[in-house]
Amino acid sequence: MPGLLGKKIGMTSVFSAEGKNVPCTVIEAGPCVVTQVKTVEKDGYAAVQLGFQDKKEKHTTKPLLGHFKKAGVTPKKHLAEFKGFDALNLGDTVTVDIFNDEVFVDVIGTSKGRGFQGVVKRHGFGGVGQTTHGQHNRARKPGSIGACSYPAKVFKGMRMGGQMGGDRVTIQNLRVLKVIAEHNLLLVKGSVPGCKGSIVLIEK
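No experiment lies behind these values; they were computed from the predicted model shown.

Asker: Which parts of the structure should I look at to understand the overall build of the chain?
Answerer: On a plain count of helices and strands, the chain comes out with three helices and 12 strands. Going through the 204 residues of the chain one by one, you find that 32% of them count as buried. For the chain, long-range pairs separated by at least 24 residues make up 69% of all intrachain contacts whose partners lie at least 6 apart in sequence. Surface accessibility of the chain: about 12900 Å² in total, with carbon and sulfur atoms responsible for 51%. In the chain, which carries 30 positive and 16 negative side-chain charges, the distance between the mean positions of the two groups comes to 16 Å.

Asker: So what exactly am I meant to see when it comes to the side chain of Thr-60 here?
Answerer: Residue position: Thr-60 is located in the loop between strand 4 (47-54) and helix 2 (62-71). A distance of 2.9 Å separates a polar atom in the side chain of Thr-60 from the backbone oxygen of Lys-56. Those residues in contact with Thr-60 that lie beyond four places of it in its chain are Lys-55, Leu-65, Phe-68 and Pro-75.

Asker: What exactly am I supposed to notice about the side chain of Thr-35 here?
Answerer: Looking at where Thr-35 falls in the secondary structure, it is placed in strand 3 (residues 32-38). Since its relative accessible area comes to 2%, Thr-35 is described here as buried. At a separation of 2.7 Å, a polar atom in the side chain of Thr-35 contacts the side chain of Gln-49. Residues within four places of Thr-35 in sequence aside, it is in contact with Gln-49, Leu-50, Gly-51, His-67, Phe-68, Ala-71, Val-73, Leu-79 and Leu-90.

Asker: Quick question: what am I supposed to make of the nonpolar core here?
Answerer: Soluble globular proteins: nonpolar side chains tend toward being buried together. Counting residues in hydrophobic clusters, the biggest one holds 27 residues, and the most contacted among them are Leu-50, Val-105, Val-107, Leu-186 and Ile-202. By size, the runner-up hydrophobic cluster in this structure holds five residues, among which are Val-26, Ile-180, Leu-185 and Leu-187.

Asker: Help me understand the pairing of strand 11 (residues 185-189) in this model?
Answerer: Note on strand geometry: in a regular strand, side chains alternate between the two faces of the sheet. Of all five residues in strand 11, four are buried, a share of seventy percent or more. Pairing of strand 2 (residues 21-29) with strand 11 involves five bridges; the strand directions are antiparallel. When the bridges of strand 11 are listed, Thr-25 appears paired with Val-188. As paired strands, strand 10 (residues 168-180) and strand 11 are joined by four bridges and run antiparallel to one another. Bridged to Val-179 within strand 11 is Leu-186.

Asker: Which parts of the structure should I look at to understand the sheet that holds strand 12 (residues 199-203)?
Answerer: Hydrogen bonds between backbone groups are what pair the strands of a sheet, and the pairing can be parallel or antiparallel. With respect to topology, six strands assemble into a closed barrel ordered 1-2-11-10-7-12, the strand pairing being antiparallel. In this sheet, adjacent strand axes meet at a mean angle of 50° when their direction is disregarded. Strand direction decides the pairing type here: strand 1 (residues 3-15) and strand 12, joined by five bridges, are antiparallel. Considered in strand 12, the bridge of Leu-4 is made with Ile-202.

Each value, and the rule that gives it
Positions within a chain are numbered from 1, following the residues in the order the chain's sequence is written. The predicted origin of the model limits local features to residues at a pLDDT of at least 70 and limits the giving and counting of side-chain atom pairs to 80 or more, whereas totals for whole chains, interfaces and linings rest on all residues. Each side-chain value is derived from all of the structure's non-hydrogen atoms; neither hydrogens nor water enter the calculation. Note on conventions: DSSP H or I runs of at least 4 residues are helices, E runs of at least 2 residues are strands, and numbering of each starts at the N terminus. Burial classification: accessible surface area is computed with a 1.4 Å probe over protein chains only, and a residue below 20% of its type maximum counts as buried, one above 50% as exposed, and the rest as partly exposed. Whether two residues are in contact is decided by their heavy atoms, any of which lying within 4.5 Å being enough. Areas reported here follow the Shrake-Rupley algorithm with a probe of radius 1.4 Å; residue values treat only the protein chains shown as occluding. Counting rule for charge: Lys and Arg are taken as positive, Asp and Glu as negative, and neither His nor the chain ends is counted. Where a charge lies is defined by one atom per residue type, namely NZ (Lys), CZ (Arg), CG (Asp) and CD (Glu). Any pair of N or O atoms that falls within 3.5 Å is considered a polar contact. Within protein, one atom must be able to donate a hydrogen and the other to accept it, and sequence-neighbouring residues count only if both atoms are side-chain atoms. What makes a nonpolar core is a set of buried Ala, Val, Leu, Ile, Met, Phe, Trp, Tyr and Cys residues whose side-chain atoms join them at distances within 4.5 Å. Here a strand pair is declared whenever DSSP counts at least two bridges between the two strands. Only the stretch in contact is used when a helix axis is fitted, and all axes are lines through C-alpha atoms; the angle between N-to-C directions ranges over 0 to 180 degrees.

Here it is as structure tokens:
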């Protein structure tokens, strides 16, 4: 689907026409520059590669410098491919205006890293209710993790403690509240994954 690269600015709230206070996320969407046009004949599929945010040449590898030079654009920090664009050429700029007529968008980001967490926080376990009969201070432990005699193993996918967060997360059907073209801002209802300043993908 057509879309843009953007940066999460933070959360705020706006008043709707009915006077309701609606929580929303502010995203700096674009402007993005076309750095490569892929075709079915040459690449096997049709897509457009977009670049977002300028980058210094000294921090860019030689192969990427050649890639950007071929497109006639300055080096970019972030690249992503989108399908569904019509008639775009190398060096063209795509702005937040593409969302003017959209009611809903999907936003893809990387969730905040939480480090190593137990089962109560990671999977929502309730914890053991009974705190007597030798339970001591293990109320937040997972309890039994498998059968004792058969099959005498722990099944794959058992919910246990471990690394939490830092995953690629897609939030679908977020309502577009406002498009502020002069500042490249997009306001969507609700929250999106990631911390302030993180890079997100917005798709129609």
